[in-house]
Amino acid sequence: MSKPLPAVDFLKIPESGEPYLEGHKCGGCGAVYLGVRAVCSKCGARGKIAPVKLSNQGNLYVYSIVCRSFPGIQVPYVSAIVDLEGGGTVKGNLIGVDPDPAKIKMGMPVRVVYKDALGRKDKEGNSYLSYFFEPR
Amino acid sequence: MSDVYIVGIDMIKFMKAGTGPAVEALGAQAALMALDDCGLTIQDMEALYCGNLGQAGGMVGQRVLHQIGQTGIPVVNCANACATGATAFREGWMAIKAGVYDTVLAVGVEKMGGGLLGGGGGGGGIPKEGLLGSMTMPAVFAEAGQEHARNYGTTFEQFAKVSVKNHHHSTLNPKAMYQIETPLETVMGSEMIAYPNTKLMCSVNVDGSAAAVIMSEKKVKELGLRGRAVRVKASVLTSDPWQERDLVMPDVNTCTRQAAKKAYEMAGCSAKDINLVELHDCFATAELLHYENLGLCGDGEAGHMIDSGATALGGKVPVNVSGGLLSKGHPLGATGIANLYEISTHLRGEAGKRQVPNARLGMTHVIGLGSACAIHILEKVA
Ligand SMILES: [Zn+2]
């Protein structure tokens, strides 16, 4: 069994050590991006973008409980936008909480956890590692 | 520079997605109606600006001319997401403002599929929808609304009231897709799509078209068309400035605020002077955000504004009297010009049962998901 692939490019799986999310930070203005880029779209600086390891701690900014999606996608689930400590905002599924507005508080502390990508495999049968948020 | 006018404008009655004729025939219908509205012919048009999204590479404008008159005029085909129709209109406005032409035609047309918009995947590997949150439009706009709820305590019920109001308005508009009252409990109790947006809080996919004949001041005088002409007081287009979260959360607010500020400056008026607004209620959550973005109320006051009835017909500044995208329907490329039709009809005093009394200044607003905003301010002439 080969090791899983990352679900997105900005999820890094080191040879040894824990997986993490990688941001790209502008040395000119401090803007944080997901994914590699050459030019900062906030300040226009070129060649000043360097990779940074993003925090696994953050706070729920906003969410929606998704009850209708495309065929084959299990609902309901919680679509969440999370501000990470130290910079970077990521979107993902919030797990470990009931999909009920009374149970989900915007602003609540969450952590990033790394798990199999809901059993989804590509055409070659490869497994994927993804990230999720859970309350902390 | 002299003023620019709408002299002819019309829209077809919007119909269920997929039931309309071919896109060029659909566009041709509205084009002919707009020409008839001002008594001109295709031979009088010096250029055509055509907005369509679904077949953006398909030379739709030329195909419309193949239906109604191949006069050899220049045709510009525009695509700008849900701001497509407004962008096509604005290109025509600019050409006249620049003095290049005196009379041009703008057409917006869309044939829609059914179902959810947005989402999809992109890239290789595995599908991301439902794994990394949702990029479907109902969820994206739910999250935009939740930001307002987070900041100001806006409730599910307040968002739902937008849909009650707009569906009520559409019962007075024979060109709307639906003419059905939807009480609050019906809206809140309909199928939840992406909390807090229920099915009745999502815009309706329809086939539709709308068109406008735009004219210079000189030509309006020459042809004696001042009687039903509507003055374009402001035409503004913006894109999305950088925002901290916009990689994962399209920002419909900043581009609207910047466009509104410019539009009021251009028109020499303020939000208080506006008598009615057609704004981009693609989802019920979005409408409340835009009350504040357009300056119709202060920040944090949108929930109170919908509760107070100020934006219903008979209120201080009626919003989406046409029924809005929620009930009139949302044919992406046609929406921008259909909004201009609604405002023009009120300024002409021809809106029948839904007429906003004594309307002198009206505003239209569309958003092309997060990254485009178009605003027009129109003024009564006669
Ligand atoms: Zn920068």
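Heads up: these notes are all about the structure in this document. Just so it is clear, the model here is predicted, and its values are computed rather than measured. (Residues numbered from 1 in each chain as written. Chains lettered and ligands numbered in written order. Predicted model: local features only at pLDDT ≥ 70, side-chain atom pairs only at ≥ 80, totals over all residues. Heavy atoms only, no water.)

**Here we look at the environment of C255(B)**
All names here are of chain B.
Here is step 1 of the chain: Mapped onto the fold, C255 is located in helix α8 (residues 254-267).
Here is step 2 of the chain: The exposure class assigned to C255 is buried, which follows from its relative accessible area of 0%.
Here is step 3 of the chain: Along the chain, C255 and S239 lie 16 residues apart, while their C-alpha atoms are 5.9 Å from each other.
Here is step 4 of the chain: The residues touching C255, leaving out its near neighbours within four places in the chain, are T238, S239, D240, P241, I367, G370, A372 and C373. (Helix = DSSP H or I, 4+ residues; strand = E, 2+ residues; numbered from the N terminus. Buried < 20%, exposed > 50% of the residue type's maximum accessible area, 1.4 Å probe, protein only. Contact = heavy atoms within 4.5 Å.)

**Focus on the packing of helix α4 (residues 137-152) of chain B against helix α9 (residues 284-293) of chain B**
Residue and element names in this part refer to chain B.
Here is step 1 of the chain: Axis separation between α4 and α9 bottoms out at 8 Å; the angle between their running directions is 55°. Classed by the angle they form, the pair α4 and α9 counts as oblique. The interaxial crossing formed by α4 with α9 has left-handed handedness. Residues F141, A142, A144, G145, H148 and Y152 of α4 form the contact with α9, whose own contacting residues are T285, A286, L289 and E292.
Here is step 2 of the chain: For the contact of α4 with α9, the per-class residue count stands at six nonpolar, three polar and one charged. (Axes fitted to C-alpha atoms, helices over the stretch in contact; angles between N-to-C directions. Parallel < 35°, antiparallel > 145°, perpendicular 65-115°, else oblique. Left-handed = near helix turned anticlockwise from the far one by under 90°. Nonpolar A, V, L, I, M, F, W, Y, C, P; charged D, E, K, R; others polar.)

**Examining the interface of chain A and chain B**
Here is step 1 of the chain: Contacts between chain A and chain B engage 43 residues on the former and 36 residues on the latter.
Here is step 2 of the chain: Taken as a group, Y61(A), R68(A) and K91(A) account for 22% of the area that chain A buries against chain B, more than any other trio of residues on that side.
Here is step 3 of the chain: Summed over the shared surface of chain A and chain B, the number is three salt bridges.
Here is step 4 of the chain: The residue K91(A) makes a salt bridge to E143(B) at a minimum N-O spacing of 2.7 Å.
Here is step 5 of the chain: Counting across the interface, chain A meets chain B through 21 residue pairs in polar contact (both at pLDDT 80 or more). (Buried area = accessible area lost by both parts, 1.4 Å probe. Salt bridge = Lys/Arg side-chain N within 4 Å of Asp/Glu carboxyl O. Polar contact = N/O pair within 3.5 Å; in protein donor to acceptor, adjacent residues only side chain to side chain.)

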